[in-house]
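Residues per chain are reported as follows:
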Amino acid sequence: VGGTGLGPLLSARQGLRLLLCPPGDAFTNMALDEALALTADTTPTFRVYYWSIPSISIGYFQRALEVLNSLTGRGTLQRAPTVVRRPTGGTAVLHDSQPSFSLVLRMRADVRQGYHLLGQVIIEALKTLDIEARLWDEKGSVNSFFCTSNFSPCDVISQGQKVAGYSARRLQGVTLFQGYLHLPEPAKGGHLVEAIITG
């Protein structure tokens, strides 16, 4: 991290707690991230996890009825009937066979800086899988209830598609970041998680 110019956010001396969790249901996954934030100590915690069944998480500030009506019109609820509200903002995300991740910092971190850091982690991870990617550095656009259709600064883009996005929220002096991966052709087995750890 020291070489990325993001030293104030995470320092090598501070260390990092890594949690690799088995697949969980939507409610457990969101509860664990929130619990990590509410009980955070001074060691940053990075968690990687999967979803036991396809699920949809909606942003903390989204209007649930509007999102559900949109999902019903698309037929998305048949594919992922479990809907949960995230403890962080942003728009709805469909979670299926690919991992999600969270970062908990016991500080009021600069959110944009955090997004940039997470984006760099994912780009480095994808490099190890020979997937070219870059950070979205153009103006953001929100034209859908779904996160993969919206582009924000520091999102990760590969072959013109958004493959990673994040959301954040400050809770009692702690900053919780949540993110997801949505590769067109998911990496098999544990290779993607190994790549994230390497990144």
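Scroll up a little and you will see the structure.
Residues numbered from 1 in each chain as written. Predicted model: local features only at pLDDT ≥ 70, side-chain atom pairs only at ≥ 80, totals over all residues. Heavy atoms only, no water.

### Section: the sheet that holds strand 3 (residues 55-58)
Test applied: Here the rule is simple: two strands pair whenever DSSP picks up at least two bridges between them. Numbering goes from the N terminus for both helices and strands, where a helix is a DSSP run of H or I of at least four residues and a strand is a run of E of at least two. For helices, the axis comes from a line fit to the C-alpha atoms of the stretch in contact; other axes are also lines fit to C-alpha atoms, and the angle between any two N-to-C directions lies between 0 and 180 degrees. What makes two residues a contact is simply this: any of their non-hydrogen atoms within 4.5 Å.
Spatial ordering of the open sheet is given by 4-3-5, a layout of three strands whose pairing is mixed. Edge positions in the sheet fall to strand 4 (82-85) and strand 5 (93-95), since each has one partner strand and no second. Across the sheet, the mean angle from the axis of one strand to that of its neighbour is 25°, orientation sign disregarded. Bridge analysis of strand 3 against strand 4 gives four bridges, and the strand direction is parallel. Its bridge partner being in strand 4, Ile56 is matched across the sheet by Val83. Packed onto the sheet, helix 1 (residues 26-38) meets strand 3 and strand 4 and runs at close to 15° relative to strand 4.

### Some points on helix 1
Applied cut-off: One less than the number of residues in a helix, times 1.5 Å, gives the span that helix is expected to have. Any residue under 20% of the maximum accessible area for its type is buried, any over 50% is exposed, and the rest in between are partly exposed; the area is computed with a 1.4 Å probe on protein chains only. Here the arc refers to the set of directions running from the helix axis out to each C-beta atom.
Between its terminal C-alpha atoms helix 1 stretches 18 Å, which fits the 18 Å expected from 13 residues at 1.5 Å a residue. All of the buried residues along helix 1 are Ala26, Asn29, Met30, Asp33 and Ala37. With its buried residues spanning 90° around the axis, helix 1 presents them on a single face. Looking at the buried residues of helix 1, the elements they touch are strand 2 (45-49), strand 3, strand 4, strand 6 (100-105), strand 9 (161-171) and strand 10 (174-181).

### What about the side chain of Ser167?
With respect to the element layout, Ser167 can be found in strand 9. You can call Ser167 buried: its relative accessible area is 5%. Residues within four places of Ser167 in sequence aside, it is in contact with Arg86, Thr88, Gly89, Gly90, Tyr115, Leu176, Phe177 and Gln178.

### Structural notes on the packing of aromatic side chains
We apply this condition: Within 6.5 Å between ring centres, the rings of Phe, Tyr and Trp (the latter by its six-membered ring) count as paired, and their orientation is classed by plane angle as stacked under 30 degrees, edge-to-face over 60, tilted in between. A ring is considered to have a charge above it if a Lys NZ or an Arg CZ atom is located within 6 Å of its centre and within 35 degrees of its normal.
For the structure on display, the rule yields six aromatic pairs. Residues Tyr60 and Phe61 carry aromatic rings whose centres are separated by 4.9 Å and whose planes lie at 85° to one another, so their mutual orientation is edge-to-face. You can call Tyr60 partly exposed: its relative accessible area is 34%. Classification of Phe61 by relative accessible area gives exposed; the value is 63%. Three or more aromatic residues joined by ring pairs form one cluster here, namely Tyr115, Tyr166 and Phe177. Over the ring of Tyr60 we find Arg169; its NZ or CZ atom is 3.7 Å from the centre of that ring.

### Points about helix 5 (residues 191-198)
What helix 5 keeps buried is the set Leu192, Val193, Ala195 and Ile196. Across the axial projection of helix 5, the buried residues extend over an arc of 160°, all falling on one side. Among the exposed residues of helix 5, those oriented more than 90 degrees off its buried face are Glu194 and Thr198. Of the surrounding elements, those touching the buried residues of helix 5 are strand 1 (17-20), strand 2, helix 4 (111-128) and strand 10.

### Notes on the sheet that holds strand 6
Strand order across the open sheet formed by seven strands is 1-2-6-10-9-8-7, with mixed pairing between neighbours. Every other strand in the sheet has two partners, leaving strand 1 and strand 7 (134-135) as the edge strands with one partner each. The pairing of strand 7 with strand 8 (residues 156-158) spans two bridges and is classified as antiparallel. Of the residues in strand 8, the one forming a bridge with Arg134 is Ile157. Packed on one face of the sheet, helix 1 meets strand 1, strand 2, strand 6, strand 9 and strand 10 and runs near 175° to strand 2. On top of the sheet, helix 4 reaches strand 2, strand 6, strand 7, strand 8, strand 9 and strand 10; it is set at about 145° to strand 9, its chief contact.

### Details of the nonpolar core
To keep things clear, this is the line we draw: The definition of a nonpolar core used throughout is a set of buried Ala, Val, Leu, Ile, Met, Phe, Trp, Tyr and Cys residues joined through side-chain atoms within 4.5 Å.
Counting residues in each nonpolar core, the largest one holds 28 residues, and the members touching the most others are Val156, Tyr166 and Phe177. Mapped by element, the contributors of at least two residues to this core are strand 2, strand 6, helix 4, strand 9, strand 10 and helix 5. Those residues in contact with Val156 that sit more than four places away from it in its chain are Gly119, Ile122, Ile123, Leu126, Ala133, Arg134, Leu135, Gln161, Lys162, Val163, Ala164 and Tyr166. Of all hydrophobic cores here, the second largest spans seven residues; its members include Ile56, Ile58, Ala92 and Phe146.

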